[in-house]
Amino acid sequence: MKRYQKYFLNKLGWFLVTLVCAFLLNFILPRLMPGDPVAAIVSRLAQGMSNTTGIQAIYQQYADLFGTNKPMLEQFFIYVKNVMQGDFGFSFSQYPRTVADVIKSSIWWTVGLQFPAIIVGWLIGNSLGALSAYLKGSFDRVLMPVSIFVSNLPAFGMAVIMLVIFAVNAKWFPTSGGYGFDLIPSFTWSFVWSVIVHYQLPFWSIVLITIGGQAIGMRSMAIYELNADYVKYARFMGIKDRKIVGYVFRNAMLPQITGLALSIGTMVGGALFAEIIFSYPGLGSTILTAVLGQDYPLISAVSLVITIMVLSASFLIEMVYGILDPRIKAAQAD
Amino acid sequence: MKHTLQQIFRSPRFVFGFSIFMGILLIVLVYPLVITDPPLAIIGQGTFFPPGIYVSVYDSIGSTPYILNLDDAAAKRIAGKLGDEDRLAIKEWLVAVEIPENEIDIADTAKLLDQWVTNYDPAQKISGMTNAKRNYYIRLNKSLEGLLSTEGISIAVKNADTGALEETDIVAPSDYVNINQVPSVRVLPLGTDNFGRDVLTELVAATRVSLQIGFVAGIVATLIGLILGLLAGYVGGVVDDIIMFITNLFTVIPSVVLLILISFSIGQDKRGAFTIAVVIGLTSWYWTTRAVRAQVISLRNRDHVNLSKLSGHSISHIILNDILPYIASYVVMALILQISLGILAEAGLSILGLGPRTTEVPTLGLMMQWAMIYQAQILGKWWAYFPVIVVIALIAFSLNLMNTGLDQIFNPALRD
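None of these values were measured; they are calculated from a predicted model. Throughout, residues of each chain are indexed from 1 in the direction in which the sequence is written. Both sets of labels track the order of writing: A upward for chains, 1 upward for ligands. Selection of residues for local features in this predicted model requires a pLDDT of at least 70, selection of side-chain atom pairs for listing and counting requires 80 or more, and totals for whole chains, interfaces and linings are taken over all residues.

**Describing the overall build of chain B**
Now for step 1: For chain B, the helix and strand inventory stands at 17 helices and 6 strands.
Now for step 2: Relative to a compact globule of 416 residues, whose C-alpha radius of gyration would be 22 Å, chain B shows 32 Å and is clearly more extended.
Now for step 3: With respect to the principal axes defined by its C-alpha atoms, chain B has extents near 105 × 55 × 45 Å.
Now for step 4: Counting over 416 residues, chain B shows a buried share of 37%.
Now for step 5: Taking contacts inside chain B between residues at least 6 apart in sequence as the whole, the part at least 24 apart equals 74%. Secondary structure elements follow DSSP: runs of H or I of four or more residues count as helices, runs of E of two or more count as strands, with numbering from the N terminus. For a compact globule the rule gives 2.2 Å times the number of residues to the power 0.38, and the radius of gyration it is set against comes from C-alpha atoms. The exposure label follows from counting other C-beta atoms within 10 Å of a residue's C-beta, where the C-beta atoms are placed from the backbone and the thresholds are 20 or more for buried and 12 or fewer for exposed, leaving partly exposed in between. For every residue pair, C-beta atoms are placed from the backbone, and the pair is scored as a contact if these atoms sit within 7 Å.

**Re the packing of helix H8 (residues 199-235) of chain B against helix H9 (residues 237-252) of chain B**
Residue and element names in this part refer to chain B.
Now for step 1: Relative to each other, H8 and H9 sit at 140°, their axes nearing to 7 Å. The pairing of H8 with H9 is recorded here as oblique in orientation. Note on packing geometry: the crossing formed by H8 with H9 is left-handed. In this structure, H8 uses Leu-228, Leu-231, Ala-232 and Val-235 to contact H9, whose residues at the interface are Gly-237, Val-239, Asp-240, Ile-243 and Met-244. Angles here are taken between N-to-C directions and fall from 0 to 180 degrees, while the axes themselves are lines fitted to C-alpha atoms, restricted in helices to the stretch in contact. Working definition: roughly parallel below 35 degrees, roughly antiparallel above 145 degrees, roughly perpendicular at 65 to 115 degrees, and oblique for all remaining angles. By definition, any crossing whose near helix is turned counterclockwise from its far helix by less than a right angle is left-handed, and any crossing with a clockwise turn is right-handed.

**Overview of the pairing of strand S4 (residues 165-171) of chain B**
Residues and elements named next belong to chain B.
Now for step 1: Little of S4 is tucked away: 0 of the 7 residues are buried.
Now for step 2: Sheet topology places strand S3 (residues 153-158) next to S4; 6 bridges connect them, and they run antiparallel. Note that in S4 the partner of Ser-154 across the bridge is Ile-170.
Now for step 3: A strand pair is defined by DSSP finding two or more bridges across the two strands. Connecting S3 to the next strand, S4, in antiparallel fashion are 6 residues, including Gly-163 with a positive phi near 80°.

**Re the interface of chain B and chain A**
Now for step 1: Every contact between the two is made by 35 residues of chain B and, on the other side, 46 residues of chain A.
Now for step 2: When residues in the side of chain B that touches chain A are grouped by element, the largest group, 9 residues, is from helix H10 (residues 255-266) of chain B.

**Describing the environment of A:Ala290**
Residue and element names in this part refer to chain A.
Now for step 1: Inspection of the secondary structure puts Ala-290 in helix H11 (residues 283-292).
Now for step 2: On a C-alpha basis, the gap between Ala-290 and Ser-300 in space is 9.6 Å, while along the polypeptide they are 10 residues apart.
Now for step 3: Excluding residues within four positions of it along the chain, Ala-290 makes contact with Ser-93, Asp-295, Leu-298, Ile-299 and Val-302.

Below, the structure written as structure tokens:
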């Protein structure tokens, strides 16, 4: 394991740096905009809520919590301290719930939906792309245009189409939510079944969206590798086709893993819209309610959480890549 | 240049994508010239009128009637009035009075009505039937009687002095008007949306605005990407390190998050279509930077660049004359991709309620947002959302086809 240490430390350092930068951006961006957040919040409070004690409490709490009248630097340290403690203040739109509470109840839905869906879509997409490059002919001619078209459907478009076909018309699956509206979360059979049924449509629409782009990428990678000199050489040497194909796809796979690490942010972004269409109780729907409710603390916190999720996922993928790519082992051995 | 263009237009993929895109562009440009209705005018009172030809009832009464004796007119009229629910209710009754179920066909209106007239008896009591249900059957029977009559409908006008109704005209079941002679007819090929706006006209205007947003976002992103990529690739050293650090940073931080944060902070009042486009451009340049930098690095030490350096040309001269022409194809491809990404990003932002202000211009995203808010997808109002998805997908599809077509030409390794 020692050989990898340098690679891992390097990646870990990069992960921490990006985390800090994301944190800074999350803090600075809203404050760079014309009109400081306090003014915005006060005006929003004035137009929004009917619960006057709630308004008072939030305003007081917000002023204390973020120290909005103090200098920028001090504000930043207060912000860091609060985030470290997981304290994001009250949610404007769902008072008296705290932001941390809202996020806690939605984050696992998103994690449980998106990461399995993206991984499954990635695996299927790469297999199809590789097959298409290897088999060529009619398989390729059918699969490629379909993949290009599917990958160009926006994620919400795919979600709407799936919803209309399978939930509204065929009535095989429910149209919205994460579980039946008449159930209370518990470990009973009926609840678990309801969760599984509600899971299908969001899951498969994310999988389908992921497949298209991955298949296209894998196909061009595999074609490139199949034409490489080592393949020709191996063929002249009389090595069995099956074995060559194994090498080719291992080589073609590596850039795809890097690609996944780079594009997981975009994928998660798309999947958030699929959640919104299905009113899945995850972070996507939370953002929507936060935007509609002009809920600044919630938006800020959710965007930070999503960023951290994406950064961690991409870090994990790079760890896997480090183990899979023999060149890294070789480089460290020198 | 001429040779390159010829080569490009020999690629079937590019030509296919190009023709779809040009088709969309043509429709967007020509449609407003032909149909000059303002796209955001609210014409319908009520939500989601289905697609069709809307004929003024008032005007058709005034138009010259033509008598056409069509045999199936009565059957069609009844079939049109008799909903699926009513048909099922009739079947239920017939089954209850012991008509064999295989003799009832709810799709066959004439036979069903015949069975109904012979078997229905308001006085008959069926065990287990609620009073409400029995009243429903009485009402149903009444409305059917009205439909079956061959009498005309009287048109009466209120006398201004006495207030009494005076019959002015009778519309017989066999009266027809010629649609060309009715002065006021409005064709709504895609119905109306939740506000009562003509969806097709709105869609064309929205496509136009979305394309503009895409172009602005694409150009902003490509310009930033190109400049940073050239600097990083050609100058190298510390500049390269700094630019690549920022680029890598923006690559891993999801741009959706940045978009949401920025557009929320801008505030609803200041969010015009142009602002949104610039914001999208500012958050999506990094792919272009990477691609350009990689190209420039591979060009940097070519002989012709070195020769140019030895001749004492300035950096800007070298970049303009010795590097840019070689990466032009990549830049065009990046621009095409950025345009399609920009249109998608606008749609996503609008669905979240962070798109351009709703009052001024329609965009594809805003149309989608309103359709979703009014649950068009669950109510089955396909005309409010499906055409929007199709247009977005077609634009993205055509742009991507053009892109892969170009890729195959400029990247020989990908040729089959």
